[in-house]
Amino acid sequence: MQLIADHIAHAYGPLPVLDDISFTVGPGEVVAIVGPSGCGKSTLLRILGGLEKPQAGAALVAGAPPAASLNPLTFVFQDFALLPWRTVEGNVRLVLEGHGLLQAVVADTVRDVLARTGLTDFAKAYPKQLSGGMRQRVGIARALAARPAVLLMDEPLSALDAQTRELLMDDLVQLVSAEGSAEALGMVYVTHNLDEAVRLADRILVLSRRPGRVRETVTIAGDRRARRSDDPELVRRARELWDLIRADAAEADRELADGEAING
Ligand SMILES: Nc1ncnc2c1ncn2[C@@H]1O[C@H](COP(=O)(O)OP(=O)(O)OP(=O)(O)O)[C@@H](O)[C@H]1O
């Protein structure tokens, strides 16, 4: 299945937020979205996931989702969004409930996604007993249980410390490097972190400040499994991205500061 952003534009009342955004995400592909604060990254992700309707253009899908997919476009959030009263297993099972699945299918799926995210030994734990990194693994396991075609990730690592981020980044790299089939997982990855973007993405959409337009699409070639975060070439690419958004970011920052001063 392919996710297609087709000339998407959006505004909140008089505030134009996105302008003419087009790109595609296919199986096994990662598209990162970067840009200054407030340029509409999260709005774009919500539109792609069908949570919001754009004023113009559309988020479309082409082709069939993976077999038995319960939710072809599945979100993973920064704050994990786990139910504290459910165990790890219970949180994952949540997305499988209400679909009339056989208990054996549910049990197999839960077992499979917990194994893929290194959580097998934590199946009976509650979120409060887990580190931040483990909680986000549960968030990812839960998303995978729905057999998505494309994961929509909004700053999934930004609440975590640097070492945990590095470990989870390795996991994400493995998740989208599984196999080159038509059912391979795709990903849209919104981040402020340019190092994450160059480590994970095939293409990076650099948005301008609000209203976000595609200022440039940067391609990162090569197998993401072979990329190392301290690779000088990747460091150079991240620097290049920063050069692209620096002026916009400074301007967006000033705007936010002005807004806060005016509001109080
Ligand atoms: N539901 C809403 N109603 C009105 N304005 C909104 C709404 N959601 C977002 N906005 C505004 O739209 C603009 C874009 O917000 P959005 O969260 O999409 O940007 P972002 O690039 O993800 O920001 P950040 O990088 O700070 O996370 C901001 O000015 C925000 O205040």
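Please read all numbers here as calculations on a predicted model, not as lab measurements.

About the cut-offs
Residues numbered from 1 in each chain as written. Predicted model: local features only at pLDDT ≥ 70, side-chain atom pairs only at ≥ 80, totals over all residues. Heavy atoms only, no water. Helix = DSSP H or I, 4+ residues; strand = E, 2+ residues; numbered from the N terminus. Phe/Tyr/Trp six-rings, centres within 6.5 Å; stacked < 30°, edge-to-face > 60°. Buried < 20%, exposed > 50% of the residue type's maximum accessible area, 1.4 Å probe, protein only. Pairing = 2+ DSSP bridges. Axes fitted to C-alpha atoms, helices over the stretch in contact; angles between N-to-C directions. Contact = heavy atoms within 4.5 Å. Polar contact = N/O pair within 3.5 Å; in protein donor to acceptor, adjacent residues only side chain to side chain.

K.L.:
Can you explain unusual backbone geometry? Please cite residues and give values.
P.N.:
Where the residue is not glycine, phi is negative for most of them; where a peptide bond is considered, it is trans in most cases. Of the consecutive residues R210 and P211, the connecting peptide bond is found in the cis state with omega at -5°. Tracing the backbone through its elements, the reader meets P211 in the loop between strand 8 (203–207) and strand 9 (214–219). For R147, which is not glycine, the phi torsion reads 50° and is therefore positive.

K.L.:
If you had to explain the packing of aromatic side chains to someone new, which residues and values would you point to?
P.N.:
Evaluated as defined, the whole model comprises one aromatic pair. An angle of 5° between the planes, with centres 5.5 Å apart, marks the rings of F75 and F77 as stacked. According to the relative accessible area criterion, F75 is buried, its value standing at 15%.

K.L.:
Help me get a handle on the sheet that holds strand 2 (residues 15–25), residues and values and all.
P.N.:
With antiparallel pairing, three strands are arranged side by side in an open sheet as 2-1-4. At either margin of the open sheet sits one strand with a lone partner, and together these are strand 2 and strand 4 (56–62). Within this sheet the neighbouring strands show an average axis-to-axis angle of 10°, counted without direction. Contacting strand 1 (2–12), strand 2 and strand 4, helix 1 (residues 41–48) runs over the sheet at an angle of about 125° to strand 1.

K.L.:
Residues and numbers for the pairing of strand 6 (residues 150–154), please.
P.N.:
Burial analysis of strand 6 places five of its five residues in the buried class, which makes it a mostly covered element. Where strand 5 (residues 73–76) and strand 6 come together, four bridges link them in parallel fashion. Residue pairing for strand 6: T74 is matched across the bridge by L151. Strand direction decides the pairing type here: strand 6 and strand 7 (residues 186–190), joined by five bridges, are parallel. Along strand 7, the bridge assignment pairs M153 with Y189.

K.L.:
Explain the pairing of strand 1 to me, and be specific about the residues and the numbers.
P.N.:
Here strand 1 runs beside strand 4; their pairing, made up of six bridges, is antiparallel. Counterpart to L3 in the pairing with strand 4 is V61.

K.L.:
If you had to explain the environment of A115 to someone new, which residues and values would you point to?
P.N.:
Structurally, A115 can be placed in helix 3 (residues 103–116). Along the sequence, A115 and A141 sit 26 residues apart, while their C-alpha atoms lie 9.0 Å from each other.

K.L.:
Account for the side chain of T191, with residues named and values stated.
P.N.:
Following the sequence through the fold, T191 ends up in the loop between strand 7 and helix 6 (194–200). For T191, a relative accessible area of 1% translates into the label buried. A distance of 3.2 Å separates the side chain of T191 from the side chain of E196, its partner in a polar contact. In contact with T191, other than residues within four places in its own chain, are I33, V34, K41, E155, E196 and A197.

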